[in-house]
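Residue-level listing of the chains:
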Amino acid sequence: MAYLPHHILEGALARLDTFEHQLSSKWRENTNRRTLVIIVILGLLSMYAYLFLIRPPDQFPLQKIITIPAGESGAQISNLLERDGIVRSALTFRIMAILLGHARDLHAGDYLFTEPLDVYQVAHTIGIGAYGLQPIKIRIPEGATVRQMATVFSIELQDFNAQHFLAQAQPLEGYLFPDTYYFLPNANENIVIEAMRQDFDLHIATIQPQIEAFNKPLSEDVVMASIVEREANNAQDRRMIAGVLWNRIERGMPLQADVTLQYTLPKADSQLTISDLQSNSAYNTYTHAGLPPGPIGSPSIESLLSTVTPVKSKYLYYLADHSGVTHYCATFACQLANEQEYLGK
């Protein structure tokens, strides 16, 4: 057997080692380049995905109710969300719902978003049915008319239809109780009317013995209470004025209350003109004796109670001076004297 000289073998091994080192260096260099390219590509893809697929749309609808109808498929829900500007891509939403395990249990209903959500958050929200609806506090003041109520509810409730409300509520003028209510933002006019009507019945039940003892129809009590509500400034005056107005009714005298005629005007606090006072409106209690045909607003429970527990007196007239103090008279001559003394007429 032939043997290579030792120095030749060492030289071959050295060259082999050098070649291996060069090959390894090139491989590492290429690997680093490939890794860098892959990282750059992945970064660009991630940026694209976030900018155009994941992040909230620029015009994300805040404080607006979004309704997902019952029975909608995943594809229909996805398209609806894209159409309404909740997500940027219907397909991305569907993929995210699948990844989160919500593909088959997306919840229908009304959703309210208070901040922009990305597609992951939207899929999670709808997947667990986190509707985001919080009750809204709405105050209806004493004496408010159904027209005034319609304005208040239209501002606060997104699904409230003022015209539909007025059509149903006009016959219930006086029987929708003025109170503080808490409605969900998606409450409609039917829910509002039902709640206010029930509230009226609950309050009436608390004074039912006094109503029965007074022995007048509730319809008359409510009409009178709605007038007292607008005419009186405090509890004592409510009972006194109720007594005066019932006295005029019993004597067949016209009530001569400005507030009943003002009810027919566009603004309830409008100043009456001579033409108004001469009008043939059924609510003109200067030209028509007795009660007007219906309530002129929603009376408080205090006015309702005062109406059925009036202070008995001989008074037939009253007026409030510039400081709000009410003065009463039994005769027209006394009333004229009070007008001169307290109002300078």
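Residues numbered from 1 in each chain as written. Predicted model: local features only at pLDDT ≥ 70, side-chain atom pairs only at ≥ 80, totals over all residues. Heavy atoms only, no water.

### With respect to the overall build of the protein chain
Here is step 1 of the chain: Within the protein chain, the regular secondary structure consists of 14 helices and 6 strands.
Here is step 2 of the chain: The buried share of the protein chain, taken over its 345 residues, is 38%.
Here is step 3 of the chain: Pairs at least 24 residues apart make up 62% of the contacts formed inside the protein chain by residues separated by at least 6 positions.
Here is step 4 of the chain: For the protein chain, the exposed area adds up to about 19800 Å²; of that, 57% sits on carbon and sulfur atoms. (Helix = DSSP H or I, 4+ residues; strand = E, 2+ residues; numbered from the N terminus. Buried < 20%, exposed > 50% of the residue type's maximum accessible area, 1.4 Å probe, protein only. Contact = heavy atoms within 4.5 Å. Areas by Shrake-Rupley, 256 points an atom, 1.4 Å probe, with all protein chains shown as cover.)

### Quick look at the state of the cysteines
Here is step 1 of the chain: What the rule picks out here adds up to 1 disulfide.
Here is step 2 of the chain: There is a disulfide in this structure between C329 and C334, and the S-S distance comes to 2.0 Å. Disulfide C329-C334: torsion about the S-S bond near -55°, hence left-handed.
Here is step 3 of the chain: Residue class for C329 comes out buried when judged on its relative accessible area of 1%. (Disulfide = S-S within 2.5 Å.)

### Some details on unusual backbone geometry
Here is step 1 of the chain: Positive phi values are uncommon outside glycine, yet Q63 reaches one of about 55°.
Here is step 2 of the chain: Looking at where Q63 falls in the secondary structure, it is placed in the loop between α1 (6-54) and β1 (65-68).
Here is step 3 of the chain: Despite not being glycine, Q256 shows a phi value in the positive range, around 50°.
Here is step 4 of the chain: Counting through the fold element by element, Q256 comes out in the loop between α10 (235-250) and α11 (258-262).

### Comments concerning the pattern of salt bridges
Here is step 1 of the chain: Taken as a whole and judged by the stated rule, the model has 5 salt bridges.
Here is step 2 of the chain: A salt bridge links D58 to R55, with the shortest nitrogen-to-oxygen separation between them at 3.3 Å.
Here is step 3 of the chain: Assessed through its relative accessible area of 59%, D58 is described here as exposed.
Here is step 4 of the chain: E142 is paired through a salt bridge with R139; the nearest N and O atoms lie 2.9 Å apart.
Here is step 5 of the chain: Residue class for R139 comes out partly exposed when judged on its relative accessible area of 40%.
Here is step 6 of the chain: Salt bridges here are not isolated pairs; linked through shared partners, they connect R55, D58 and R88. (Salt bridge = Lys/Arg side-chain N within 4 Å of Asp/Glu carboxyl O.)

### Some thoughts on the packing of helix α3 (residues 90-99) against helix α4 (residues 119-128)
Here is step 1 of the chain: It is at 9 Å that the axes of α3 and α4 come closest, and there the two elements cross at 60°. By the angle between their axes, α3 is oblique relative to α4. Pair α3 / α4 crosses with right-handed handedness. Within the contact between the two elements, α3 uses T92, F93, M96 and A97 and α4 uses V119, Y120, V122, A123 and I126. (Axes fitted to C-alpha atoms, helices over the stretch in contact; angles between N-to-C directions. Parallel < 35°, antiparallel > 145°, perpendicular 65-115°, else oblique. Left-handed = near helix turned anticlockwise from the far one by under 90°.)

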